[in-house]
Amino acid sequence: MKSATMDSESQNLRQKAEALQKMKPSHADSSLSAIETAKLIHELEVHQIELELQNKELILARSSVQELAERYTELYDLAPSGYFTLSMEGEILNLNLCGAQFLGKERSQLTGSRFDLFISVDTRPIFNLFLDKVFQTKSKETCEVKLISNGDCPTHVLLTGISTENLEQCNVTMVDISERKRAEEAEQESKDFLDKIINSVASPIFVKDVQHRFCLVNDPLCSLLNLPVEKLIGTTGYEYIPEEQMKVFIAKDQEVFITGKENINEEKLTDGTGKIQNIVTQKALYTDPKGNKFLVGVINDITEIRKKEIELITAKEHAEECDRLKSAFLCNMSHEIRTPMNGILGFAELLKEPGLNGEDQQEYIRIIEKSGNRMLNIINDIVDISKIEAGLMNLNVTESNINEQIEYIYTFFKPEVETKGMKLSFRNALPAKEAIIKTDREKLYAILTNLVKNAIKYCKEGAIELGYERKGKDIEFFVKDTGIGIPKERQGAIFERFIQADIVDVQARQGAGLGLAISQSFVEMLGGEIWVESEEGIGSTFYFTLPYNTEPVKETLDQQLATSVKIDNVSKLKILIAEDDDVSEMLIAINIKEFGKEILKARTGVEAVEACRNNPDINLVLMDIRMPEMGGYEATRQIREFDKNVVIIAQTAYGLIGDREKAIEAGCNDYIAKPIGKAELLALIQKYFKK
Ligand code: ADP
C-alpha cells in the first residue's frame with residue numbers, strides 16, 4: 001500500500017517537470033538560455049521531489065516508531081517480570097502490569113507510592129542499601145528481598161536496578177524467585193536435618209572424593225582431629241598428620257576406590273595438637289546416581305580402650321608380680337622365722353641337758369641370743385614396711401648431730417665386726433659444730449644401721465668403712481665394704497621390696513629382703529637419693545644423700561642433760577628400773593649390773609615418780625612404757641615437773657618408728673627397743689654419761 005502511494009506521487013512530479021520544460025523564455029535578450037532555465041527548473045524539481053520523499057520517509061518512520069512503542073508497551077505489560085521506574089526517594093514513577101501484580105495492587109494505585117513499603121521489614125535495609133548503590137554507582141546492582149505477604153504474590157523477589165542517564169531515576173526489574181527460594185530452603189532444611197543426624201552420631205564420620213578430599217565431616221570428626229570444619233572441607237587434611245600415617249590412609253582409601261570393597265583398619269592418628277590416638281576406621285565405597293565415587297568412613301576412637309587395656313595388662317602383670325613376690329616373700333619369711341625359732345627352741349631344749357659343760361652352755365646361749373635378734377630384726381622390718389605401704393610413716397625432723405650418729409653406730413657395731421675378724425672405721429668430714437643438720441634422726445639411724453648390717457652380712461673379710469662428705473647442698477653418706485659385691489644386673493632390683501625372696505641364693509644369706517626398700521623409702525622421705533656402686537668379688541659402696549639443712553644450734557634438753565651429768569665412771573650410776581615384767585626387769589638388772597652403783601626398782605608409773613621424788617640423786621631411769629596404774633610417758637611427764645636433769649630412757653616393746661618421738665615428747669632423753677641388748681644399752685649410757 002505504501003509503494004502504491006509512492007508511485008502515484010512520482011508520476012505527479014514527472015508530469016509537473018514536463019509542463020515546465022514546454023514553457024518558452026519571455027524575453028529573447030534574457031541572459032539565461034533556455035537550457036539553463038530548464039536545468040534550473042529540473043534541479044528545483046528534483047530538490048522538491050527529494051524533499052517530498054524525505055517527508056514521506058519521515059511519516060513512515062514516525063508510524064513505525066509509533067508501532068514499535070505500541071509493541072513495546074504491549075511487551076512491557078505482558079512481560080513476566082515487574083518493571084519499575086523509581087525516583088531517588090524510592091517513589092514509583094512508572095511500572096508495568098506485572099510489577100503491579102507482584103505488588104498485589106492496580107497500577108493506577110501504585111504510581112506515586114513508596115516502593116519500600118511493599119518490602120518486608122527484615123529485608124528493607126537490604127533494599128535501602130541496594131537503592132543507594134544504584135544511584136551512586138551507575139552500574140547494575142542486584143539484591144534479593146522478601147515482599148510483604150499478600151495472597152498469591154511472590155514471597156521472594158530478585159531486584160536488578162540501574163540508574164538512568166540523568167541519575168534522577170532508576171529502572172528496577174523484579175523477578176519472582178519464590179520457587180527457587182522455597183527449593184533452596186527445602187534443600188537447606190534437608191541438609192540441616194542430615195547435618196543434625198550425622199553430628200548426633202557419636203562416631204566420627206567423613207566422606208571423601210576420589211582425590212581424597214573431605215566433602216563431608218561431622219562434629220565428632222573435627223573434635224577427633226582437633227581441627228575446625230573449614231580447615232577440612234575441600235582438603236585432604238594430610239598436611240596435619242605425619243607422613244607415615246598419611247601413606248597408610250592413602251593406601252587404604254585407594255584399596256576401597258579400586259576394589260569397591262569395604263575395609264576395617266586399626267590405625268594411629270595424630271590430631272591437630274600432636275596427640276596420638278588409636279582409631280578403628282571402617283571405609284566403604286558410595287557411587288552417586290551420576291557415577292561419582294565417594295569414600296564413606298566411620299571412625300571408632302579406641303584410644304581410651306587401648307589405654308585401659310594397657311593399664312589392665314600392666315595392673316595384671318603387676319598383680320601377678322606382687323603375687324609371685326608375696327608368695328616368695330611368705331615362703332622366705334616362713335623360713336626366716338622358723339630358722340631362728342628352731343635355734344631358740346632347739347638350743348633352749350639342749351640347755352636343759354644335765355651335765356652340760358660351761359663352754360657348750362655359753363655356745364647354746366649365744367645361738368639363742370643370735371636367733372632372737374634375727375627374729376626381732378624381721379619383725380621390725382615387717383612393721384616398718386607395712387607402715388610405709390599404708391602411708392603411716394611420719395617424719396620427725398629435729399636437729400641431729402651426724403658426727404655423733406656415725407660414732408654411735410661405729411661403737412655399736414665395732415665388737416661384731418671385730419669378732420668376724422674385720423676392721424670397722426668411720427670418717428666424719430665436718431667439725432662438730434657444722435655437723436648438726438635438720439633431719440629425722442631415727443630414720444637416718446635406721447638407714448645407716450641397715451647398710452652397716454648388710455655390709456657385715458655380705459662381707460667375710462676385709463674392712464667396712466662408714467662416713468659422709470659434704471657435697472654442695474647435700475651430705476653424701478657412704479657405707480663401704482670389701483664383701484661379695486652385687487652383680488650389675490641386680491643392682492637396681494635390690495632396692496625393691498621382698499627382692500631377696502626372689503634370688504636363688506636365698507638360703508645362703510639371712511634377711512627378708514626389706515632392709516634396702518625401707519632405707520630407700522626413708523631416704524626419699526628425707527629428700528635424698530640412694531644408690532650403690534658395686535663389683536662382684538670386690539665389694540660394694542652404698543651411697544645416700546640428705547639435704548644439708550643447718551639451723552643455728554640451740555642447746556637441746558639432751559645436750560643440757562648430757563653436759564650436766566658429770567661422773568667419773570659409768571659404774572657409779574644410780575639407776576631406777578621402772579618395769580612391771582619380772583623377766584624384763586631381770587634382764588635389765590643383769591645388763592646394767594657392771595655400771596650400776598645402786599639399782600632401784602619400781603613396778604608402776606606411780607612408784608617410779610615416787611622413787612624419783614625420794615631420790616633426787618638418781619642418774620638414770622629406764623622407764624617401761626606399759627605399766628599398771630600409770631604408763632611410762634605419764635610418769636616421765638610428772639618426773640619432769642620436779643627433776644629436769646635425770647636421764648630417762650624409755651623402753652618399748654614394739655620397736656616402732658615413732659616411739660622415739662613420743663618418748664621425747666613426754667620428756668624422755670632417748671628410747672631403747674626391747675629386748676634390750678647389752679651393747680645398745682652400753683652405747684646409750686656412754687652417750688649420756690661419758691666423762
Ligand atoms: P636383706 O634382708 O636380704 O639383706 P636388703 O633389702 O637389705 O635385704 O638387701 C637386698 C639384697 O641386696 C640382699 O639380699 C643382697 O642380695 C643385696 N645386698 C645388700 N647389701 C649388700 C652388700 N653390702 N653386699 C652385697 N649384697 C648386698
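Asker: I keep staring at the packing of aromatic side chains and nothing clicks. Help me out?
Answerer: The description of an aromatic ring pair uses the distance of the two centres, along with the angle that the planes make with each other. One pass over the structure, following the stated rule, counts 14 aromatic pairs. With a centroid separation of 4.8 Å and 10° between ring planes, the pair formed by phenylalanine 477 and phenylalanine 544 is classed as stacked. With phenylalanine 477 in strand S15 (residues 474-481) and phenylalanine 544 in strand S17 (residues 539-547), this residue pair connects regions lying 67 residues apart in the sequence. Given the relative accessible area of 0%, phenylalanine 477 is considered buried.

Asker: Please clarify how the sheet that holds strand S18 (residues 573-578) should be interpreted in this entry.
Answerer: Through backbone hydrogen bonds, the strands of a sheet pair up, either in parallel or in antiparallel fashion. Within the open sheet, the 5 strands sit side by side as S19-S18-S20-S21-S22. Their pairing is parallel. Unpaired on one side and paired on the other, strand S19 (596-602) and strand S22 (670-673) mark the two borders of the sheet. When strand polarity is set aside, the average angle formed by the axes of neighbouring strands in this sheet is 20°. Sheet topology note: the S18/strand S20 (residues 620-624) ladder contains 4 bridges and is parallel. Opposite isoleucine 575, over in S20, you have leucine 620 as the bridge partner. The strands touched by helix H19 (residues 659-666) are strand S21 (647-652) and S22; relative to S22, the strand with the most contacts, the crossing angle is about 140°.

Asker: Can you help me understand unusual backbone geometry in this one?
Answerer: Peptide bonds are, in most cases, trans, and in most cases residues other than glycine have a negative phi. The phi torsion at asparagine 226 lies on the positive side, around 60°, for a residue other than glycine. Overall, asparagine 226 belongs to the partly exposed group, its relative accessible area being 43%.

Asker: Honestly, the nonpolar core in this entry has me stumped. Any pointers?
Answerer: What tends to happen in soluble globular proteins is that the nonpolar side chains get buried as a cluster. One finds Leu448, Phe477, Phe544 and Ile592 to be the most contacted residues of the largest nonpolar core, which totals 68 residues. For this core, the domains that each give at least three residues are domain 5 (394-547) and domain 6 (557-689). Once residues within four sequence positions are removed from consideration, phenylalanine 477 is found in contact with Ile402, Ile406, Leu444, Leu448, Gly467, Tyr468, Phe542, Tyr543, Phe544 and Leu546.

Asker: What am I meant to see in the pairing of S21 here?
Answerer: On any regular strand, side chains alternate: one points to one face of the sheet, the next to the other face. The element S21 is extensively covered by neighbouring structure, given that 6 of its 6 residues are classed as buried. Side chains of S21 alternate between two faces, with Val647, Ile649 and Gln651 and Ile648, Ala650 and Thr652 buried alike. Across 5 bridges, the pairing between S20 and S21 is parallel. Among the inter-strand pairings, methionine 623 is bridged to a residue of S21, identified as alanine 650.

Asker: In this structure, what is going on with the sheet that holds strand S7 (residues 214-217)? I would like to understand it.
Answerer: Within the open sheet, the 5 strands sit side by side as S7-S6-S10-S9-S8. Their pairing is antiparallel. Since the sheet does not close on itself, it has two edges, and those belong to S7 and strand S8 (263-270), each with one partner. The mean inter-strand angle of the sheet, taken between neighbouring strand axes irrespective of direction, is 30°. Two strands pair when backbone bridges link them, and strand S6 (residues 205-209) and strand S10 (residues 293-301) are joined in this way by 5 bridges, in the antiparallel orientation. Each bridged residue has a counterpart across the sheet, and for phenylalanine 206 the counterpart in S10 is glycine 297. In the packing of helix H9 (residues 243-259) onto the sheet, contacts are made with S6, S8, strand S9 (276-287) and S10, and the angle to S8 comes to roughly 160°.

Asker: What am I meant to see in empty space enclosed by the protein here?
Answerer: Sizing a probe to match a water molecule and rolling it over the atoms shows the empty space that remains. For the structure shown, the criterion picks out 2 cavities of 30 Å³ or more. The calculated volume of the largest cavity comes to roughly 230 Å³. As for the largest cavity, its lining consists of 23 residues, and the residues nearest its centre are Lys208, Phe214, Leu225, Phe249 and Leu269. Those elements that provide at least two residues to the lining of the largest cavity are S6, helix H7 (219-225), H9, S8 and S9. Among the residues forming the lining of the largest cavity, the class breakdown is 13 nonpolar, 5 polar and 5 charged.

Asker: Would you mind showing me how to read the pattern of salt bridges here?
Answerer: Two side chains carrying opposite charge are able to pair once their charged atoms lie near each other. The final tally for this structure, using the stated rule, is 34 salt bridges. Between arginine 427 and glutamate 469 there is a salt bridge, with its nearest N and O atoms 3.3 Å apart. With arginine 427 in strand S12 (residues 423-427) and glutamate 469 in strand S14 (residues 463-471), this pair connects stretches of sequence that are 42 residues apart. In the salt-bridge network here, residues are joined through shared partners; they are Glu144, Arg180, Lys181 and Glu184.

Asker: Please clarify how the pairing of S17 should be interpreted in this entry.
Answerer: A large share of S17 lies buried, amounting to 8 of its 9 residues. Strand direction decides the pairing type here: S15 and S17, joined by 8 bridges, are antiparallel. Note that in S17 the partner of valine 479 across the bridge is phenylalanine 542. In the sheet, strand S16 (residues 530-535) pairs with S17 via 6 bridges, with the strands oriented antiparallel. Along S17, the bridge assignment pairs glutamate 535 with glycine 539. Counting the residues between successive antiparallel strands, the hairpin from S16 to S17 contains 3 residues, one of them, glycine 537, with a positive phi of roughly 80°.

Asker: Would you explain the packing of helix H13 (residues 441-457) against helix H14 (residues 515-525) in this entry?
Answerer: In helix packing, the relevant descriptors are the interaxial angle and the interaxial distance, both defined with respect to the helix axes. Across the interface, H13 lies against H14 with an axial gap of 9 Å and an inter-helix angle of 145°. The two elements H13 and H14 meet at a crossing, and its hand is left-handed. Only Gly515, Leu516, Ser519, Phe522, Val523 and Met525 of H14 make contact with H13, whose side of the interface consists of Lys443, Ala446, Ile447, Asn450, Leu451 and Asn454. In terms of residue class, the contact of H13 with H14 is made up of 7 nonpolar, 4 polar and 1 charged.

Asker: Would you mind going over helix H20 (residues 678-689) with me for this structure?
Answerer: Side chains three or four residues apart in an α-helix point the same way, a direct result of the helix having 3.6 residues per turn. Across its 12 residues, H20 extends 16 Å between first and last C-alpha, which sits within 8% of the 16 Å expected from 1.5 Å per residue. Looking only at H20, the buried set comprises Leu681, Ala683, Leu684, Ile685, Tyr688 and Phe689.

Cut-offs applied
Residues numbered from 1 in each chain as written. Predicted model: local features only at pLDDT ≥ 70, side-chain atom pairs only at ≥ 80, totals over all residues. Heavy atoms only, no water. Phe/Tyr/Trp six-rings, centres within 6.5 Å; stacked < 30°, edge-to-face > 60°. Helix = DSSP H or I, 4+ residues; strand = E, 2+ residues; numbered from the N terminus. Buried < 20%, exposed > 50% of the residue type's maximum accessible area, 1.4 Å probe, protein only. Pairing = 2+ DSSP bridges. Axes fitted to C-alpha atoms, helices over the stretch in contact; angles between N-to-C directions. Contact = heavy atoms within 4.5 Å. Core = buried A, V, L, I, M, F, W, Y, C linked by side-chain atoms within 4.5 Å. Domains from an automatic or database assignment. 1 Å grid on protein atoms, 1.4 Å probe; cavity = no way out; pocket = protein on both sides within 12 Å on 5 of 7 lines; lining within 4 Å. Points joined across faces, edges and corners; volume = space filled by probe spheres on them. Nonpolar A, V, L, I, M, F, W, Y, C, P; charged D, E, K, R; others polar. Salt bridge = Lys/Arg side-chain N within 4 Å of Asp/Glu carboxyl O. Left-handed = near helix turned anticlockwise from the far one by under 90°. Expected span 1.5 Å × (residues − 1).

Keep in mind these numbers describe shape, not what the thing actually does.
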